[in-house]
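Spelled out from the first residue to the last, the chains are:
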Amino acid sequence: MTWHGPLDVDRKDAMQTVRAPVLQQLRRAFSPTKIDADGAFAAWGMTYSDGEAHEEQLNGKRWDELDRAYLDRRSDAIGFLGTAHLVAVLPAYLRELLDGGPFSQVPDMLLLTLTKPGPKFGSWLGKRRFDAMVNALTASQRAAVAAVLVQFASRYPETPHESAARLALDTY
């Protein structure tokens, strides 16, 4: 049994107060349009073994309708999605950074995806993929991504998650 005293309630209320405008910014930047998942893995992920099942999970849904538990379980898919499909589901994964629990699988893969490969790390292909993703995002979408990363980093101070989020911000 966990005791939730006044300090726990105050901290939770403070997190909600800070989180709400970032979630609102995310919703404004990424319109909730239906996803056409056909060919989602054709450009970058022909070797992704669960491509068909993942396409079924995405097809015809808006980013805010996607099964959050499935996205968490299959967060590796974002490394294989084509650029347009990645941008279509990106806000769902960003929402998981805002709302997900400490054991979520999403942060590791998403933060890797959002970090620009540098001259000493990352492949040429990784740089092309990163540039394609950034170029596909509007200015308001890039600002929403940054706001989520800042919020996520502040949620996990002095942890590897904070370091990874700050690296993603600093490299772009």
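Please refer to the structure higher up on the page.
What this report covers is the structure whose coordinates are included nearby. As a convention, each chain's residues are numbered from 1 in the sequence order in which they are written. At least 70 in pLDDT is required for a residue's local features to be given in this predicted model, at least 80 for side-chain atom pairs to be given and counted, and no such filter applies to totals for whole chains, interfaces and linings, which use all residues. With hydrogens and water set aside, each side-chain value is computed from the structure's full complement of heavy atoms.

Topic: the packing of helix 4 (residues 83-99) against helix 7 (residues 139-155)
Piece 1. For helices, the axis comes from a line fit to the C-alpha atoms of the stretch in contact; other axes are also lines fit to C-alpha atoms, and the angle between any two N-to-C directions lies between 0 and 180 degrees. Numbered from the N terminus, helices here are DSSP runs of H or I no shorter than four residues, and strands are runs of E no shorter than two. Axis separation between helix 4 and helix 7 bottoms out at 9 Å; the angle between their running directions is 25°. Taken together, helix 4 and helix 7 sit at an angle that is classed as roughly parallel. For helix 4 against helix 7, the interelement crossing comes out left-handed. Where helix 4 abuts helix 7, its residues Leu90, Leu94, Leu97, Leu98 and Asp99 lie against Val145, Val148, Leu149, Gln151, Phe152 and Arg155.
Piece 2. Any residue outside Ala, Val, Leu, Ile, Met, Phe, Trp, Tyr, Cys, Pro, Asp, Glu, Lys and Arg is labelled polar, Gly included; the first ten of those are nonpolar and the last four are charged. Here the residues of the contact of helix 4 with helix 7 sort into eight nonpolar, one polar and two charged. Working definition: roughly parallel below 35 degrees, roughly antiparallel above 145 degrees, roughly perpendicular at 65 to 115 degrees, and oblique for all remaining angles. Crossing handedness: left-handed means the near helix sits turned counterclockwise from the far one by under a right angle, and right-handed means the same turn made clockwise. By definition in these notes, contact holds between two residues if any of their heavy atoms fall within 4.5 Å.

Some points on the side chain of serine 104
Piece 1. Considering the arrangement of structural elements, one finds serine 104 in the loop between helix 4 and helix 5 (106-113).
Piece 2. Contacts described as polar in this section are N or O atom pairs within 3.5 Å, which, within protein, must combine one atom able to donate a hydrogen with one able to accept it, while residues neighboring in sequence count only if both atoms come from side chains. In this structure the side chain of serine 104 is engaged in a polar contact, spanning 2.8 Å, whose partner is the side chain of aspartate 72.
Piece 3. A polar contact is formed between the side chain of serine 104 and the backbone nitrogen of valine 106, at a distance of 3.1 Å.

Quick notes on the environment of leucine 86
Piece 1. Mapped onto the secondary structure, leucine 86 falls in helix 4.
Piece 2. Throughout this description, buried means an accessible area under 20% of the type-specific maximum (1.4 Å probe, protein chains only), exposed means over 50%, and partly exposed covers the range between. Classification of leucine 86 by relative accessible area gives buried; the value is 4%.
Piece 3. Sequence separation between leucine 86 and phenylalanine 41 is 45 residues; the distance between their C-alpha atoms is 9.7 Å.
Piece 4. Apart from the residues lying within four places of it in its own chain, the contact partners of leucine 86 are Ile78, Leu81, Thr113 and Met133.

Some thoughts on the nonpolar core
Piece 1. Put simply, buried Ala, Val, Leu, Ile, Met, Phe, Trp, Tyr and Cys residues joined by side-chain atoms within 4.5 Å make one nonpolar core. Ranked by size, the top nonpolar core spans 44 residues in total, and within it Phe30, Leu94, Leu110 and Leu114 carry the most contacts.
Piece 2. Elements supplying a minimum of two residues to this core: helix 1 (6-29), helix 4, helix 5, helix 6 (124-136), helix 7 and helix 8 (160-171).
Piece 3. With nine residues, helix 4 is the single largest residue contributor to this core.
Piece 4. Contacts of leucine 110, omitting those with residues within four sequence positions, involve Ile78, Leu90, Tyr93, Leu94 and Leu97.

Notes on the environment of glutamine 25
Piece 1. Locating glutamine 25 in the fold gives a position in helix 1.
Piece 2. It is 8.6 Å that separates the C-alpha atoms of glutamine 25 and alanine 143, two residues lying 118 residues apart in sequence.
Piece 3. The residues touching glutamine 25, leaving out its near neighbours within four places in the chain, are Ala143, Ala144 and Ala147.

Topic: the packing of aromatic side chains
Geometrically, a pair of aromatic rings is defined through the distance of the ring centres and the angle of the planes.
Piece 1. For Phe, Tyr and Trp, rings pair up if their centres lie within 6.5 Å, where Trp contributes its six-membered ring, and each pair is then called stacked (planes under 30 degrees apart), edge-to-face (over 60) or tilted (otherwise). All chains considered together, the criterion is met by two aromatic pairs.
Piece 2. Considering the side-chain rings of phenylalanine 152 and tyrosine 156, the 5.0 Å spacing of their centres and the 55° angle between planes classify their relative orientation as tilted. This pair shows no difference in class: phenylalanine 152 is buried, exactly as tyrosine 156 is.

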